[in-house]
Amino acid sequence: MQRIAFLFISFIVIVVSEIWLLQPLFSQEAALEEYSVSHGGTSETDLSGFSAKLSDKYFGNGTAKASVTFKMRDDSGTLSLKVWRKVAKGEITFALLVFRIEIRGYDYSDTLVYSQDLDGFTFGDSQSGNWSKHLKDLPVDIQQIKITFFGNYE
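Residues numbered from 1 in each chain as written. Predicted model: local features only at pLDDT ≥ 70, side-chain atom pairs only at ≥ 80, totals over all residues. Heavy atoms only, no water.

Asks: Any chance you could explain the pattern of salt bridges here in plain terms?
Replies: This structure, assessed with the given rule, holds three salt bridges. In this structure, Glu-102 engages Arg-100 in a salt bridge whose closest nitrogen and oxygen atoms are separated by 2.9 Å. The salt bridge involving Arg-104 is made with Asp-117; its shortest N-O contact spans 3.0 Å. Pair noted here: Arg-104 is in strand S5 (residues 96-106) and Asp-117 is in strand S6 (residues 112-123), with a separation of 13 residues, a long-range link. The class for Arg-104 is buried, based on a relative accessible area of 16%. A single salt-bridge network, built from bridges that share partners, covers Arg-100, Glu-102, Arg-104 and Asp-117. (Salt bridge = Lys/Arg side-chain N within 4 Å of Asp/Glu carboxyl O. Helix = DSSP H or I, 4+ residues; strand = E, 2+ residues; numbered from the N terminus. Buried < 20%, exposed > 50% of the residue type's maximum accessible area, 1.4 Å probe, protein only.)

Written as structure tokens, this is what we have:
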């Protein structure tokens, strides 16, 4: 009877450890922060001169700050992304790990017209950091742009 109990417990331990080891393969990356900018134009609307800026004092509910600037001109659009933090001497903060950034632009009929994935960045434990990216020549028919940062604070 003890041998059966031992085999059963060993079997459970093996199954649980295998599930634990495989869990990262099936889990999805966590969205650290998401931003969306849209305007009420249609395909016939002249979008030149459109400009929007978002500021986030607590990027990912943490110690970093962020800004997103989206501008449309006659022939193209631009998108500027910036994330930064200033850590004072002796201050203790978690590392900011951004694994990747996903950018998606949609036209007035919600059709995907722009897609770009950017590499991530890291600000170490208790370290200041500065990251920025400026994207040019975005399609003029973008009515909504979504920016998703995947990562976490550890």
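Asks: It is not clear to me how the sheet that holds strand S3 (residues 64-72) should be interpreted in this structure. Could you clarify?
Replies: Whether parallel or antiparallel, the strands of a sheet pair through hydrogen bonds between backbone atoms. Strand order in the open sheet made by the four strands is S2-S3-S4-S7, with antiparallel pairing throughout. Edge positions in the open sheet fall to strand S2 (51-59) and strand S7 (129-138), since each of these has one partner strand only. In this sheet, neighbouring strand axes are inclined to one another by 10 degrees on average, regardless of whether the strands run parallel or antiparallel. In the sheet, strand S4 (residues 77-85) pairs with S7 via eight bridges, with the strands oriented antiparallel. Each residue of the ladder has a partner; that of Arg-85, found in S7, is Gly-129. (Pairing = 2+ DSSP bridges. Axes fitted to C-alpha atoms, helices over the stretch in contact; angles between N-to-C directions.)

Asks: How do you make sense of unusual backbone geometry when you look at a structure like this?
Replies: Apart from glycine, the bulk of residues carry a negative phi angle, and the bulk of peptide bonds sit in the trans form. Positive phi, normally seen in glycine, also occurs at Asn-61, with a value near 60 degrees. The topology assignment puts Asn-61 in the loop between S2 and S3. Notably, Asp-137 is not glycine yet its phi reads approximately 60 degrees, a positive angle. Residue placement: Asp-137 occurs in strand S7.

Asks: Explanation requested: the nonpolar core in the structure shown.
Replies: Soluble globular proteins: nonpolar side chains tend toward being buried together. By size, the foremost hydrophobic cluster in this structure holds 28 residues, and its most contacted members are Phe-59, Leu-79, Val-83, Ile-101, Ile-103, Ile-147 and Phe-149. Those elements giving two or more residues to this core turn out to be strand S1 (31-38), S2, S3, S4, S5, S6, S7 and strand S8 (144-153). Top contributing element to this core by residue count: S3, with five residues. Apart from residues no more than four positions distant in its own chain, Phe-59 is found in contact with Leu-32, Glu-33, Tyr-35, Ala-64, Lys-65, Ala-66, Val-83, Leu-96, Val-98, Phe-149 and Tyr-153. (Core = buried A, V, L, I, M, F, W, Y, C linked by side-chain atoms within 4.5 Å. Contact = heavy atoms within 4.5 Å.)

Nothing here speaks to function; it is geometry throughout.
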